[in-house]
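# Architecture at a glance
Listed below, chain by chain, are the residues.
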Amino acid sequence: MVENTEYEVIVIGGGAAGMTAALYAGRARLKTLLIEKSLIGGQATGTALVENYPGFPDGIDGTELMRLFDKQLRKCGVAIKLTDVQSVENRGDYKLVRTFRTDYLAPVVIAATGGRPRLTGALNEERFMDRGISFCATCDAPQYTGKRVLVIGSGNTALEESIYLSRFAREVLISVRHEEGKTRAQKAVQENALANPKIRFLWNTTVAGFEGDDLLRQVVLKNTQTGACNPLDVDGCFLFIGFLPNTSIFEGLLNLSLGAYIITNEDMETGIPGIFAAGDVRKKTLRQIATAVGDGAIAAYMAEQYLRVRSGNS
């Protein structure tokens, strides 16, 4: 059987935004292909308990939530390919999506490739992912109520999230590689964090390693001036040292921000007719499952409108 390579909509990325976009496109009876390079569900599958997604008052495991997304998606006749996209080319009316083995054509492409948090690279980091190491205070702060947490980072996000965490944790420690009084945050944000009685800065420190059993128990901090390493007992650790969007395949094609996020308008339009972006890959204020779902719905709706105008059925 010859594989079909022409579609009306190609969604690149199988996270919450991509699955929502594909779901909406499929329900609109558009011939839709979703391409995901590894695991359907994206970053959400690494979250043990999602407590801020509406409809689940007791919370839900991230993998289970994405399984439900996937189950609903497959009822809409959407084709799914697990492969890596090598490049995307704009050929006017059609876009060419190249994968390792096959080239696909469609008048619409929705980029939902997401991103990943920047890691420290310290010893045992991978071992304690979602076992004490977190990247989202909005998601996970309540589970650290009355506990001691460590934050890594000194930018606006790190300090703002530390202030948020202080509403729950009994103590918030912030590891900063710079000298005392120096952070990468705006002055007003830094002043607010310094004035918070539940926040304490650990200056001139970097992460050397993570230790524990089934869960994270200690973070080993290295003094950047003396080289001495000291274990710090904590209940959890939050990394806020940057986010890396997966946009390398769109370089030279789409307008990217300084942080390499895809720039869109509120309708998820990228500036190139027929190419939309949704979810964590786009420049936006808040990156959550809920906001990814909204992005995906809008992108698919605008894709449908684009195809309708393109076909002369406006």
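In what follows, the accompanying structure is described. (Residues numbered from 1 in each chain as written. Predicted model: local features only at pLDDT ≥ 70, side-chain atom pairs only at ≥ 80, totals over all residues. Heavy atoms only, no water.)

### Structural notes on the nonpolar core
Core analysis: the biggest nonpolar cluster contains 35 residues, and Phe-69, Ile-110 and Ile-289 have the highest contact counts within it. Those elements that place two or more of their residues in this core are strand S1 (9-12), helix H1 (16-27), helix H2 (62-73), strand S7 (108-111) and helix H6 (289-310). If you tally residues by element for this core, the top one is H6, at eight residues. Judged by nonpolar contacts, the second largest core, of 21 residues, contains Ile-10, Tyr-104, Ala-106 and Ile-275. (Core = buried A, V, L, I, M, F, W, Y, C linked by side-chain atoms within 4.5 Å. Buried < 20%, exposed > 50% of the residue type's maximum accessible area, 1.4 Å probe, protein only. Helix = DSSP H or I, 4+ residues; strand = E, 2+ residues; numbered from the N terminus.)

### So, the packing of helix H4 (residues 156-165) against helix H5 (residues 187-195)
H5 packs onto H4 with a crossing angle of 35 degrees between their chain directions and a minimal axis gap of 9 Å. With respect to the hand of their crossing, H4 and H5 are arranged in left-handed fashion. Note on element contacts: H5 touches H4 through Val-189, Gln-190, Asn-192 and Ala-193, opposite Asn-156, Leu-159, Glu-160 and Ile-163. Here the residues of the contact of H4 with H5 are counted per class, giving four nonpolar, three polar and one charged. (Axes fitted to C-alpha atoms, helices over the stretch in contact; angles between N-to-C directions. Left-handed = near helix turned anticlockwise from the far one by under 90°. Contact = heavy atoms within 4.5 Å. Nonpolar A, V, L, I, M, F, W, Y, C, P; charged D, E, K, R; others polar.)

### Observations concerning the sheet that holds S1
The sheet built from five strands is open, its strands ordered S3-S2-S1-S7-S18 with parallel pairing. Among the strands making up the open sheet, the edge pair consists of strand S3 (79-82) and strand S18 (275-277). Taking each pair of neighbouring strands and ignoring which way they run, the sheet shows an average axis angle of 20 degrees. One ladder, built from four bridges, connects strand S2 (residues 32-36) with S3; its direction is parallel. Bridge pairing links Leu-34 to Ile-80 in S3. Strand contacts of H1: S1, S2 and S7, with the helix running at about 165 degrees to S2, the strand carrying the most contacts. Set on the sheet, H6 makes contact with S1, S7 and S18; between it and S7 the angle comes to about 165 degrees. (Pairing = 2+ DSSP bridges.)

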